[in-house]
Each structure stands twice: as C-alpha cells, then as structure tokens.
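Okay, here's what each chain looks like letter by letter:
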Amino acid sequence: MSVDFEPVKLGPRRRRLDPLTAGVVVVAVALAAAVVKPWETSGSGGAPGPSAIAAVPTSAASPSARPTPTARVDRIVSATGLPEPTWAEVAPVLEPHDALGIRAIMLARRPNVGLPASPRFQERWSPATLDPGGGGDSAYVNRDDQSIVALGITFPLDARPMDARIWLVHTDDRLEWIDARPLEPNHLAGAFTFTRFDAAAGRSVAWPGGHYRIDVLAEDGVHQIAVQVPGRFGSVPAPAEWPPTETGLVDPDRSNPSSVRIGPFATVDGVGVPLASQGSPLLTDEEAWRDVLVEGSGGPRSDVATAYLPRATGLGVMLTGHAEVRLAIVRRIAPDARFLAQPMLGGISETQGRTPYVTFAPRGGGAWPPGVYAITVRWTDPAGLHVETWHIELRPGPARTPFAAR
C-alpha cells in the first residue's frame, strides 16, 4: 500500500497558535466547507438509484482488438462511494489476451486514499492453468486488496465462445448461479465482462472473495474454470452456507395449480404458473444450453422453458384427462446432477375435468435454486402409453440481452 503526502517546506519554527484562535479558525473552515459542498449522509434519498447497464452499440470484434470507448458516465453503487463500472470507462483499460484467463476490473486506487485516479479502473489479468492430473482449468485472481467491480473471461483468438455462467461454491459443494450481467452485450470483450447484481440491494455490487466455477459454452462443448478470488486480507474464504433469501413461501402441497391447462408449471405463492416448454427427449446440459441460445437469437421455439421465479417452491406437469401416472422423475442437469427432491406429490385438477398432475419440491423445502431441470413422466390415458420429458431453466435474474455475435 502506498500513501501520497503533499510536500512540506522546512523552515524556522513558527510561533505557537493560541488555542482559542485555533478553535475559531476550525469552526470557520468547517462552516465554509458545509456551504461549498453539503455532503449527504449514507442513507440520503439523493443517492442515485439502480439503472440498466448502458449499452454502447458497436460491432463484434476480435478479443485482441482494443475496444472503443464512448462518453464517460458516472454512477455510484453504494453510499461508500464504490463506483459502478460502465463500458465507456472500462473499455479503454482492457488489454488483449490471446489465452484463456480471468480479467478482474478493479479500482485504480482506494476511494479513501489520495485523489481519485484517472482512469478510475484498472485491469488485472490472471491466466488459466490446466491441471496435468485432469482436474481442468483453474485461475487465481490477484486483487491487491482492491474492490473487484467486474469479472471477465478472455479466450484464445481462435476460440468461439457463445455464453457463460458463473457459480459461487457454498458448503457441501452447493453451487449458486450468480446474476452476472455483461457490461456490453454487443461487443465480444464486453459481453464476457460481468458485473454482479444483487436483487436484494437492487444494484450491482463488488465481487466478493470465494471459490467460483465459470462454465463457458463454446463451439466444441462446455468448458469449466475453477476461479479463486481472495478476500480483502489475501486468503480465499472457505465456502459459506447458502442462506435462504425468500420468506413467506407457500409449499406445493398447499398450492393449487388448476389454472394450468396442460404441460409444465411452477407453483409460486400458492398458484400455478405455466411454463412454455414442449416435450422432448432428455437433453444434456450442453444441448439444453444451445437450445435456449437458438431461441434467444430468433430461432425456433426452444424445448427448454426459461423463467425467473425466485419464489417457486414446486415444479410439476399437468397431464391429460383420465391419465394414470406410472412413473415421474425430476433431474437436475446444470450445474450438476447432485440434487435431491422430495417424493412426488400427486393431485387432481377439479377445474380441468379431474386432470391429474405431479409436483416436486426440493428435499430441504423452500424455493427451487436456479439451475436447469428435467421432469420425465410416464403415464397412460385412453390414447395409450406416453413418455415425455420437459426441461426448465430457472434463471438467477431476468433474462439478459444475448451476445449479438452468437
């Protein structure tokens, strides 16, 4: 850590100032400062509220090309003075990297030390190394005790990344899908440089220290990078508990999904929310991910229902009339298959001609964590035997703008 001091001239020792005179001078200076710049307290209503990430239209470019900035836009994330990064300010500090790695966008200087730096942000790049034992790629972010306001991924020049998901590792290796939002979806570097959005705070926040897993979808498959981000004191914090954030939830066995006519649904606050998904064979994580991107780019309707439902306590399927369920299974296909659900709950929709439905709840109760799930049901009705699978992607936040070059 470095501290800058103003130069002080050495000379004859001055006469000691009378204490009463000093007190008068201090009061006068304080009053003048209050008139010139009346600083607001941390909880004042004048602090700017959250706003959408600015989109600067540019053409998709090679990761080796230095992005072109636009006009500077200042935003404040919190009352502590931590600035929210914008593409206009971050683009000039990005360096080209012809390799797989992690770029951390940090403050160029602590807000409370010296004068504000110009530019306010700096890039710190960490290469990803391949474990010779087959453990995959990993990277360690050297943050130098600075706040990380954005986290990004770099690729070799011949790589064709399509999308990325960032997961925070909790105890028992539970993976929390982070609501990571790209700085600039219309530029390759900006599309893979992410801020972390906190729904409870209603704004972007700094990336905390911890163990992360970043999944990258490329033309040749899904790649995983284990990323370690140290805390403010230089060590990587151990995985912490994943506390529930929603209260007052209604369990699926106390919910009524009868408003759903047919197909998959979620139970939210006691009612059924239909999910737009059509039956298909069981998909892998990569297949389901690609399917969602095709629909997002204007392609055919996806076989995967996508929704942001942080209060969903049940996932289920409304079947056909006079159906008899033979088998019902729920699986998680992303971030991994290590997930347990409660035993199937069955029910009858009186408003749909006594149509049966099946519902599942997480093993520990509460809301379903963001991820990609598949519900397979085998049933019979007057038309014969049926076996269908429906895929559901529960997102960590509202759908973000897709990368234009996909």
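Residues numbered from 1 in each chain as written. Predicted model: local features only at pLDDT ≥ 70, side-chain atom pairs only at ≥ 80, totals over all residues. Heavy atoms only, no water.

### Side note on the pairing of strand 21 (residues 384-394)
Where strand 15 (residues 304-307) meets strand 21, 4 bridges bridge the pair, whose relative direction is parallel. Bridge pairing in strand 21 places Thr 306 opposite Glu 393. (Pairing = 2+ DSSP bridges. Helix = DSSP H or I, 4+ residues; strand = E, 2+ residues; numbered from the N terminus.)

### Some thoughts on the pairing of strand 14 (residues 271-274)
Relative to strand 14, strand 13 (residues 263-268) is paired through 4 bridges, and the arrangement is antiparallel. Bridge pairing in strand 14 links Thr 267 to Gly 272. Counted between consecutive antiparallel strands, the loop separating strand 13 from strand 14 contains 2 residues, among which Asp 269 sits at a positive phi close to 55°.

### Comments concerning the layout of surface pockets
Any space left empty among the atoms is revealed by the rolling of a water-sized probe across them. Quantified by volume, the largest pocket comes out at close to 1,200 Å³. Contributing to the lining of the largest pocket are 40 residues, with Glu 176, Trp 242, Pro 243, Pro 369 and Pro 370 lying nearest its centre. Of all the secondary structure elements, the ones that give two or more residues to the lining of the largest pocket are strand 7 (175-177) and strand 9 (193-198). Of the residues assigned to the lining of the largest pocket, the class counts are 22 nonpolar, 5 polar and 13 charged. (1 Å grid on protein atoms, 1.4 Å probe; cavity = no way out; pocket = protein on both sides within 12 Å on 5 of 7 lines; lining within 4 Å. Points joined across faces, edges and corners; volume = space filled by probe spheres on them. Nonpolar A, V, L, I, M, F, W, Y, C, P; charged D, E, K, R; others polar.)

### Regarding the nonpolar core
If you look at the biggest cluster of nonpolar residues, it comprises 26 residues, and the most contacted ones within it are Ile 148, Ile 153, Phe 194, Trp 207 and Val 227. Among the elements of the structure, strand 1 (101-107), strand 5 (148-154), strand 6 (161-169), helix 3 (188-191), strand 11 (210-218) and strand 12 (221-229) are those that each provide at least two residues to this core. Formed by 24 residues, the second largest nonpolar core is a distinct cluster that contains Ala 307, Leu 319, Trp 379 and Leu 394. (Core = buried A, V, L, I, M, F, W, Y, C linked by side-chain atoms within 4.5 Å. Buried < 20%, exposed > 50% of the residue type's maximum accessible area, 1.4 Å probe, protein only.)

### Topic: the confidence of the model for the chain
Considering every residue of the chain, the mean pLDDT works out to 79; 74% of them sit at 70 or more. Every residue in residues 1-66 is under pLDDT 50, and counting partners more than four places away or in other chains gives 48 contacts. When the criterion is pLDDT under 50, residues 68-80 qualifies, and its contacts beyond four places in sequence or with other chains add up to 36 contacts. (pLDDT = per-residue confidence, 0-100. Contact = heavy atoms within 4.5 Å.)

### Quick word on the pattern of salt bridges
Applying the stated criterion across every chain, the model contains 15 salt bridges. With a shortest N-O distance of 2.8 Å, Arg 213 and Asp 215 are connected by a salt bridge. Linked by salt bridges that have partners in common, Arg 165, Asp 285, Glu 393 and Arg 395 make up one network. (Salt bridge = Lys/Arg side-chain N within 4 Å of Asp/Glu carboxyl O.)

### Observations concerning the sheet that holds strand 13
Pairing is antiparallel in the open sheet, where 5 strands are placed in the order 14-13-16-19-18. In the strand order of this sheet, the two ends are held by strand 14 and strand 18 (345-349), each with one partner. Each adjacent strand pair in this sheet contributes to an overall mean axis angle of 35°, direction not counted. Pairing analysis gives 4 bridges linking strand 16 (residues 312-318) to strand 19 (residues 355-360), with the strands arranged antiparallel. For Val 317, the partnering residue across the bridge sits in strand 19 and is Val 358. (Axes fitted to C-alpha atoms, helices over the stretch in contact; angles between N-to-C directions.)

### Description of the packing of aromatic side chains
Counted under the stated rule, the structure contains 9 aromatic pairs. Between Phe 192 and Phe 194, the aromatic rings sit 6.4 Å apart at their centres with planes inclined by 85°, giving edge-to-face as the arrangement. The pair Phe 192 / Phe 194 is uniform in exposure class, with both members buried. Residues Trp 368 and Tyr 373 carry aromatic rings whose centres are separated by 4.9 Å and whose planes lie at 80° to one another, so their mutual orientation is edge-to-face. The burial state of Trp 368 is the same as that of Tyr 373; both residues are buried. (Phe/Tyr/Trp six-rings, centres within 6.5 Å; stacked < 30°, edge-to-face > 60°.)

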